[in-house]
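A closer look at the structure
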Protein chains: 2
Amino acid sequence: MEIINYPPRSQWAAVTARPHLDTLSLHHTVSEVLQEIRRRGDEALRYYTGKFDGVELDAVEVTAEEWDEAERSVPAELQSAIKQARDNIARFHASQAMSVTKIETSPGVVCWQKPVAIERVGLYIPGGTAPLFSTVLMLAVPARIAGCREIVMCTPCDRTTGKVHPAVLFAARAAGVSRVFRLGGIQAIGAMAYGTESVPKVYKIFGPGNQYVTAAKQIVSLHDVAIDMPAGPSEVAVIADASSNPAFVASDFLSQAEHGADSQSMLFTVDETIVEPVQREIERQLARLPRRELTEKSLSHSKIVVLRNRDELVEFTNEYAPEHLIIQSADYRELADRIVNAGSVFLGPYTPESAGDYASGTNHTLPTSGYARAYSGVNLDSFIRKITFQEISRQGLCRLGPVIETMAAHEHLDAHKNAVTLRLADENRE
Amino acid sequence: MEIINYPPRSQWAAVTARPHLDTLSLHHTVSEVLQEIRRRGDEALRYYTGKFDGVELDAVEVTAEEWDEAERSVPAELQSAIKQARDNIARFHASQAMSVTKIETSPGVVCWQKPVAIERVGLYIPGGTAPLFSTVLMLAVPARIAGCREIVMCTPCDRTTGKVHPAVLFAARAAGVSRVFRLGGIQAIGAMAYGTESVPKVYKIFGPGNQYVTAAKQIVSLHDVAIDMPAGPSEVAVIADASSNPAFVASDFLSQAEHGADSQSMLFTVDETIVEPVQREIERQLARLPRRELTEKSLSHSKIVVLRNRDELVEFTNEYAPEHLIIQSADYRELADRIVNAGSVFLGPYTPESAGDYASGTNHTLPTSGYARAYSGVNLDSFIRKITFQEISRQGLCRLGPVIETMAAHEHLDAHKNAVTLRLADENRE
C-alpha cells in the first residue's frame, strides 16, 4: 500500500491512472477463433471447448433435468437469499421504467419516445473457482423486467462433471433466463454474436470475463452486436474521516482487494490521523482471510491518498471516477451531492460495497478504469431502446414546412426540401 | 430498383442484409495516425491536416472574430430557421429528463439513480459539399440541455479560405458549443480522444463521418473514450398502401436516396397495385433533382418489397430494423404499435423524413445497418450517466445482512461477508 500525502495537481493524473489492459495484442488470435465459429458453428464450439477448456461437449444446452436437479441441490438458505436479492434488484430496476410522454414541440408537431426491450440478449457468466450467481441476477433480472423476449446465458461447465454449477442454474431460473449453454470464453461470445445450430444469435451481449472474453466482446462489437460496456479490473475508493470506524473502512478496502490480484482499493481522506488506524485494521483483518495471498497482491498497488481539503477531495475523487465509491465521512450527504464521476455510491457507515454487490437492489455491473466518466452501470436502459416517433398534422407541416425547406436548401438537399414542398402544394390544392 | 414480390421467409435475411462496411482493413493505417497524434499533439495535427486535407493550419481553434463574422454572413431567413429548429429540438430533448426517485427496496435500504451530465463531450461535424449545421444542432442542443460543462466541436475548414462554414458556426453558437476546432477526419477524432496542446480531451465523441472517421472512432472507443454508436450508410423504409399518395411516398424515397450513393431506400407494402404509380412518381421527381446521378446510384440498390399480409409486413419491417421508418398507410397507428426495431418513426401522410432530419424536434443521429435492434438514436441519455446511490440504515443492514453474508460465503468472498459481519457485530455491541 502506497501512502501519498498531499499530491500536487500535476501528479493527480499519474496517481489516478489505471493499468492499461492490453487486449489489442490478443485481437488477431481471438479474431481467428471467432471466424471459425461464424463459419463452422457448433462444430467449432466443440473443437475449441475441447482445446481451451479440456471439456468434451456433449449437449451444448443445459437440459430440463439438469435445471430440476440444480434446484434440488441448492441449500434452502441460499435459495431464500437469492430470491430476496432478486426481489430487491427487481424493485429497483422496475422503478427505472420510463413512461411515454407525447410532446407538442410546435403546433401540430407531436414527438415521443417509446421504450422497447431488445428482443434477444446474451449474458456471459464466467466460470472459475466461485459460482457467480449474483452476476446472473444482476443481468437477467433487469432483462426480464425490460421485457426481453429471449434471454440466453452462456457459462463454462465444470471440467470434471461437465455440469453448470447448480447455484448458477438456480439463479438463472429464479431470474427468468430462457436457455443456458455450457460455453465459456471466446466460444461463448462468438456463439451469441453469430448464432450457431444450437445457440441463437443475440443483439447485445452482457457480462464480465477474462482478457479473452473482453477481446472477443470488443471485436464482435465493431460490427455484429452491441455490448454492455468496456471491461477492466474492479476497484473501490473509500472516503473516510476521523468519525469513520477504521474497521468498517478496512473491511470495504479488503472486500475490493479480494476480487483479484489486479483489483484496486483506494482510500481518500483529508484527515491524516486516520491512516494509521485503518492500516492496522487492514493488517488485522487480512490475517484471517482465506484469500490472503491474492488479496495481498492486490493491496500492493492500492493507495491511501491524503488531500488538502474537501474541495480537493471531491475533485480528486471525480478525477479518479471510481467504479465503487464508499463515503463513510460524517458529511457524506454533502459530498455525495458533488460526485459527478462514479459507478455506484455507498453512503454512510452501514452501507458496505458488498450490499450493492449482492442485494441492495442496485446493479453491480459497473464502469471500471475511469469509464464512469462516460458510461453508466448496467440498468434498465441497458436492455431497451427508446424509439422516437413523430406525427405531424397538415396544419403542423404548413407552419413548420418553411423552416425545413430553408434548412434543406442550404444543405443542398433538394429532395428533402421537395418532400415538404409537394405536400404543401397538395395541401394548397385541396 | 429491385422489386421483390412475396419473398419466402428463408430469403428475408438476404433481402434485409446491408452491405458490410469494412473498416477493419483501415485499422492499421488509422492506428498509426492516432498514435502520432497521441505522441506529438498539435504538431501531428498540423502535419496530417497538411497531408490529408491540403490545408496549412494556422490557428487550430476558431477565433472570436470568426464567430462574429459568421453571425453577420448567415442570411436572416436561415438564422431564423436554425433557431426555430433548435427550439423544437430543445423542447423534445428537455422532455426526456428523468427525475430522481428514491426507492426503499427493503426496509432501511434506499436506492436511487442520479442523472449527471458527461463533463466534456466532443462533436464531429463532417465537411464536404454541404454545411451540416443540422447535425450541429442535433448533437449540441441535447449536450447543452444535459448540462455538459464543455462542448467541443471539430469540423474541417474550407481548403481555399481556411474558414469553417458560417452556418455551421452560427448553429454552433446558437446551440451552445464552447469551442470549435478546424480539424477533420482522423485528426479530429484523435485530438478529442487524447487531447493536445490546443484541443481538450473529451470523454465521449459524437457524430457521423466517412470510413476513416468511423475507423478512428472504433479504435479510440476500445480504450480511451466512449462513442455515440456504430456508423453505417443512411437508410429509410417506407410503408405504404393504396390510400397513400404516390408522390409523397416517392419524395421520401428520394430524400433518403440523395444522401449518398450508398444510401438505401426501401418500400414495404402488402398492396401490389401501388408499385407502378410509386415508380412513375420516382422517375418524374428524379428527373428534376440536381443530385440526380448520385441519387440514381443509390436507387440501384433500393428495393420495393411486397409482403403477403399485415403480419408479414410488421415482421419483415422489424427484421430490417430501419434507421428511418415512414408509415403512410391508412392503419399507420396500429402498425406503429407493433414496431419494435427502428430508429425514428414518421407517422401519417404529413410527416416526411426531412421533418425529423431538421426541425420536428427528434434527433437525426440514428442507428443504421440494423443496429436499431440494439441501439437507440442519440437522445438526452447519450449525454448523461445515471450514477446509482444507496444508503442503508443500521436496522436495514441488520435485516438484509444475512442475505449478503449467505451469498458472499457461497461465492467464496469472505472479505465481502466480513464487511457485513463486523458491522453487525458492532451493532450488537452498542
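Residues numbered from 1 in each chain as written. Chains lettered and ligands numbered in written order. Predicted model: local features only at pLDDT ≥ 70, side-chain atom pairs only at ≥ 80, totals over all residues. Heavy atoms only, no water.

**Considering the relation of the copies chain B and chain A**
Copies of the same chain, two in number, are related to each other by a rotation about an axis and a translation along it. Taken as rigid bodies, chain B and chain A are interconverted by a rotation of 180 degrees and an axial shift of 0.0 Å, the fit giving an RMSD of 0.0 Å. The symmetry that links the two subunits is that of a two-fold axis. In terms of proximity to the rotation axis, the leading residue of chain B is Met98 of chain B, whose C-alpha is 4.1 Å off the axis. The share of interface residues of chain B whose copies in chain A are also at the interface is 100%, consistent with both copies meeting through the same surface. (Least-squares fit on C-alpha atoms with pLDDT ≥ 70 in both. Contact = heavy atoms within 4.5 Å.)

**As for empty space enclosed by the protein**
In total, this model carries four cavities of 30 Å³ or more according to the counting rule given. In this structure, the largest cavity spans a volume of roughly 1100 Å³. Forming the boundary of the largest cavity are 49 residues, of which Ile227, Asp228 and Tyr375 of chain A together with Asp228 and Tyr375 of chain B lie nearest the centre. Looking at the lining of the largest cavity, the elements that each hand over two or more residues are strand E7 (204-206), helix H9 (211-221), strand E8 (226-227) and strand E14 (384-392) of chain A together with strand E7 (204-206), helix H9 (211-221), strand E8 (226-227) and strand E14 (384-392) of chain B. Broken down by element, the residue count for the lining of the largest cavity peaks at five residues, all from H9 of chain A. Of the residues assigned to the lining of the largest cavity, the class counts are 24 nonpolar, 15 polar and ten charged. Put simply, the second largest cavity is a space of about 50 Å³. (1 Å grid on protein atoms, 1.4 Å probe; cavity = no way out; pocket = protein on both sides within 12 Å on 5 of 7 lines; lining within 4 Å. Points joined across faces, edges and corners; volume = space filled by probe spheres on them. Helix = DSSP H or I, 4+ residues; strand = E, 2+ residues; numbered from the N terminus. Nonpolar A, V, L, I, M, F, W, Y, C, P; charged D, E, K, R; others polar.)

**Description of the pairing of strand E11 (residues 303-306) of chain A**
All names here are of chain A. Of the two faces of E11, the one holding Lys303 and Val305 and the one holding Ile304 and Val306 are both buried throughout. As paired strands, strand E1 (residues 2-5) and E11 are joined by four bridges and run parallel to one another. Bridge pairing in E11 places Asn5 opposite Val306. Taken together, the four bridges between strand E10 (residues 264-269) and E11 define a ladder with parallel strand orientation. Counterpart to Phe268 in the pairing with E11 is Val305. (Buried < 20%, exposed > 50% of the residue type's maximum accessible area, 1.4 Å probe, protein only. Pairing = 2+ DSSP bridges.)

**Some thoughts on the pattern of salt bridges**
All names here are of chain A. Evaluated as defined, the whole model comprises 52 salt bridges over all chains. Residue Arg310 pairs with Glu334 through a salt bridge whose shortest N-O separation is 3.5 Å. Of this pair, Arg310 sits in helix H13 (residues 310-320) while Glu334 sits in helix H14 (residues 332-337), and the two are 24 residues apart along the sequence. What makes Arg310 partly exposed here is its relative accessible area of 32%. The class for Glu334 is partly exposed, based on a relative accessible area of 49%. (Salt bridge = Lys/Arg side-chain N within 4 Å of Asp/Glu carboxyl O.)

**Quick look at the sheet that holds strand E3 (residues 109-117) of chain A**
Read from one edge to the other, the open sheet built from nine strands follows the order E2(A)-E3(A)-E14(A)-E13(B)-E12(B)-E9(B)-E10(B)-E11(B)-E1(B), with strand pairing classed as mixed. Of all the strands in the sheet, the pair left with one neighbour each is strand E2 (103-106) of chain A together with strand E1 (2-5) of chain B. Across the sheet, the axes of successive neighbouring strands diverge by a mean angle of 20 degrees, strand direction being ignored. The sheet contact formed by strand E12 (residues 324-327) of chain B and strand E13 (residues 344-347) of chain B spans four bridges and is parallel. (Axes fitted to C-alpha atoms, helices over the stretch in contact; angles between N-to-C directions.)

**Section: helix H12 (residues 292-299) of chain A**
All names here are of chain A. Every buried residue belonging to H12 is among Thr295, Ser298 and Leu299, and all of these are buried. Within H12, the buried residues cover an arc of 100 degrees as seen down the axis, which keeps them to one side. Exposed side chains of H12 directed beyond 90 degrees from the buried face belong to Glu293 and Lys297. Looking at the buried residues of H12, the elements they touch are helix H10 (246-257), E10 and helix H11 (275-286). (Arc of directions from axis to C-beta.)

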